[in-house]
Amino acid sequence: EMEAAVIEVHGPADLKKWVDFPNTLYRGDANYIPQITRQEIDFFSPAENPSFKIAETKLLLARRGEKLVGRVCGIINALETRKLGHKRGRFGWFECEQDPEAAGALLGCLQKWFAAEGCREMTGPHGFTDLDPEGMLVDGFDALPTIAGSYNKAYYPALIEAQSFQKEADYIETRLEFPQEMPPLFQMIAKKVMPAAEAEGYRLVEGLTKRDVMEYTGQFWEVLEAAFEPLYGVTPLTDEQKAFYEKKYFGFIDPRFLQLVVDGSGRLQGFFLGLPSLSRPFQRAGGRLLPFGFFHILRGFKQFDTVDFYFAGVRPQANVKRIFPMMTLGMWRALKAANVRYLETNRELETNTTVVNLWSRFAVVNRRRTRVYRKSLSAARQ
């Protein structure tokens, strides 16, 4: 058999192949969610995505003869280097046939590059920032993921572990049944926590519109960065990156499922964001917005039985014991009013026991576990 050759992506034709590869690989897989091809091409184009300005990047393809058998992206993020005090090589968007040699060739190629650049370690899968996909699914392959969640073939962890990678961090994604009766915990919040929080000058913003949402974006990033800064894999963002992610995600925001808490002077102290689940609409769109993709996605905003949670963050100096319960209660009321049946928690670090334990009070439908791997590049010269 021909050996696996690795080529670097140069030019639009290669990029299109790189972006399309998973659609071929997962054809017929009931849990695969194709991304919108046009958006993926923009995302991986240095002219469109400002992350390329602060990161060195390589996109690689593996082929046997004419046949593509794998792909990967390698990243060295300069802002992360500054935060950590050393270089870390990130790999992401890894996709591969059940072909250990091809997987080894792709990851080995990146490892050589990272070592030559003086990286101390290699971690992944994750992207430029923690707003990109991260984590490899290691448990829960029979469940439909969220559009931001991880999904991959069941043989992937073995491909990665065969290259001497070890567990670095695990995320838990949980699907829950939405409780139709108000749980005792929330009754207690409504009775005790809300009045106490309001006495401290905190309030939940009511009746948000799309326009209001845009007015809070500056403060949203401020709170997000301050709250997430200490977490694993979080990188600082440039203003251009914020604007880019805003354009990518904020158009999808349904103000009903955005809970904001402000203080007496109207300054944002915490946010909790959910979105109607777009997993099925994205599957129906099949990677294309035209001619019918837009229609499926817009309809998904009107007809849904599941809401995916994305982020919750509280300003580090603020009173989290007041703010988090307020937002949770606000979210419960919004979900109840929309007749939601299921919730998807999206990824949470398994070490975040407060939140992971909170969900165990509900009826759990399924749990998925995703993993970021790490390999030490000891030979690297600092």
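Residues numbered from 1 in each chain as written. Predicted model: local features only at pLDDT ≥ 70, side-chain atom pairs only at ≥ 80, totals over all residues. Heavy atoms only, no water.

**Section: helix α10 (residues 239-249)**
So, step 1. Listed in full, the buried residues belonging to α10 are Gln241, Lys242, Phe244, Tyr245 and Glu246.
So, step 2. Buried residues along α10 sit in contact with α2 (37-43), α3 (51-54), α4 (78-84), α8 (210-215) and α9 (217-228). (Buried < 20%, exposed > 50% of the residue type's maximum accessible area, 1.4 Å probe, protein only. Helix = DSSP H or I, 4+ residues; strand = E, 2+ residues; numbered from the N terminus. Contact = heavy atoms within 4.5 Å.)

**Focus on the state of the cysteines**
So, step 1. Using the criterion set out here, one finds 0 disulfides in the structure.
So, step 2. No disulfide involves Cys73; its sulfur sits 13 Å from that of Cys109, the nearest cysteine.
So, step 3. Lacking any disulfide linkage, Cys119 is separated from the closest cysteine sulfur, that of Cys73, by 13 Å. (Disulfide = S-S within 2.5 Å.)

**Regarding the packing of helix α7 (residues 184-199) against helix α13 (residues 320-337)**
So, step 1. For the pair α7 and α13, the least separation of the axes is 9 Å and the interaxial angle reads 130°. Taken together, α7 and α13 sit at an angle that is classed as oblique. Between α7 and α13 the crossing geometry is left-handed. Contacts from Phe186, Ile189, Ala190, Val193, Met194, Ala196, Ala197 and Glu198 of α7 reach α13 at Lys321, Arg322, Pro325, Met326, Thr328, Leu329, Trp332 and Arg333.
So, step 2. Looking at the contact of α7 with α13, its residues break down into 11 nonpolar, 1 polar and 4 charged. (Axes fitted to C-alpha atoms, helices over the stretch in contact; angles between N-to-C directions. Parallel < 35°, antiparallel > 145°, perpendicular 65-115°, else oblique. Left-handed = near helix turned anticlockwise from the far one by under 90°. Nonpolar A, V, L, I, M, F, W, Y, C, P; charged D, E, K, R; others polar.)

**Looking at empty space enclosed by the protein**
So, step 1. Taken as a whole and judged by the stated rule, the model has 2 cavities of 30 Å³ or more.
So, step 2. Volume-wise, the largest cavity comes out at about 90 Å³.
So, step 3. As for the largest cavity, its lining consists of Phe178, Pro179, Phe186, Phe272, Phe309, Thr328, Met331, Trp332, Leu335, Leu343, Trp359 and Phe362.
So, step 4. The greatest single-element share of the lining of the largest cavity, amounting to 4 residues, is contributed by α13.
So, step 5. Taken together, the residues that form the lining of the largest cavity break down as 11 nonpolar, 1 polar and no charged.
So, step 6. In this structure, the second largest cavity spans a volume of roughly 70 Å³.
So, step 7. Taken together, Val213, Tyr216, Thr217, Phe220, Phe250, Ile253, Leu258, Leu260, Leu268 and Leu273 make up the lining of the second largest cavity. (1 Å grid on protein atoms, 1.4 Å probe; cavity = no way out; pocket = protein on both sides within 12 Å on 5 of 7 lines; lining within 4 Å. Points joined across faces, edges and corners; volume = space filled by probe spheres on them.)

**So, a nonpolar patch on the surface**
So, step 1. A contiguous nonpolar patch, built from Leu290, Phe294 and Leu298 and spanning about 330 Å² of accessible area, is present on the exposed surface.
So, step 2. Position of Leu290 relative to the elements: it lies in the loop between α11 (279-285) and α12 (293-302).
So, step 3. Accessibility expressed as a relative area gives 62% for Leu290, which makes it exposed. (Patch = residues over 30% accessible without salt bridge, like charges linked within 9 Å, V, L, I, M, F, W, Y side chains within 5 Å. Areas by Shrake-Rupley, 256 points an atom, 1.4 Å probe, with all protein chains shown as cover. Salt bridge = Lys/Arg side-chain N within 4 Å of Asp/Glu carboxyl O.)

**Structural notes on the nonpolar core**
So, step 1. Judged by nonpolar contacts, the single largest core of 83 residues is most densely connected at Trp18, Phe91, Phe94 and Phe311.
So, step 2. The element that contributes the greatest number of residues to this core is helix α5 (residues 100-116), accounting for 7 residues.
So, step 3. Apart from residues no more than four positions distant in its own chain, Phe91 is found in contact with Val72, Cys73, Leu107, Leu110, Met122, Thr123, Gly124, Pro125, His126, Ile160 and Phe165.
So, step 4. Residues Ile189, Ala197, Val261 and Trp359 belong to the second largest nonpolar core, which totals 32 residues. (Core = buried A, V, L, I, M, F, W, Y, C linked by side-chain atoms within 4.5 Å.)

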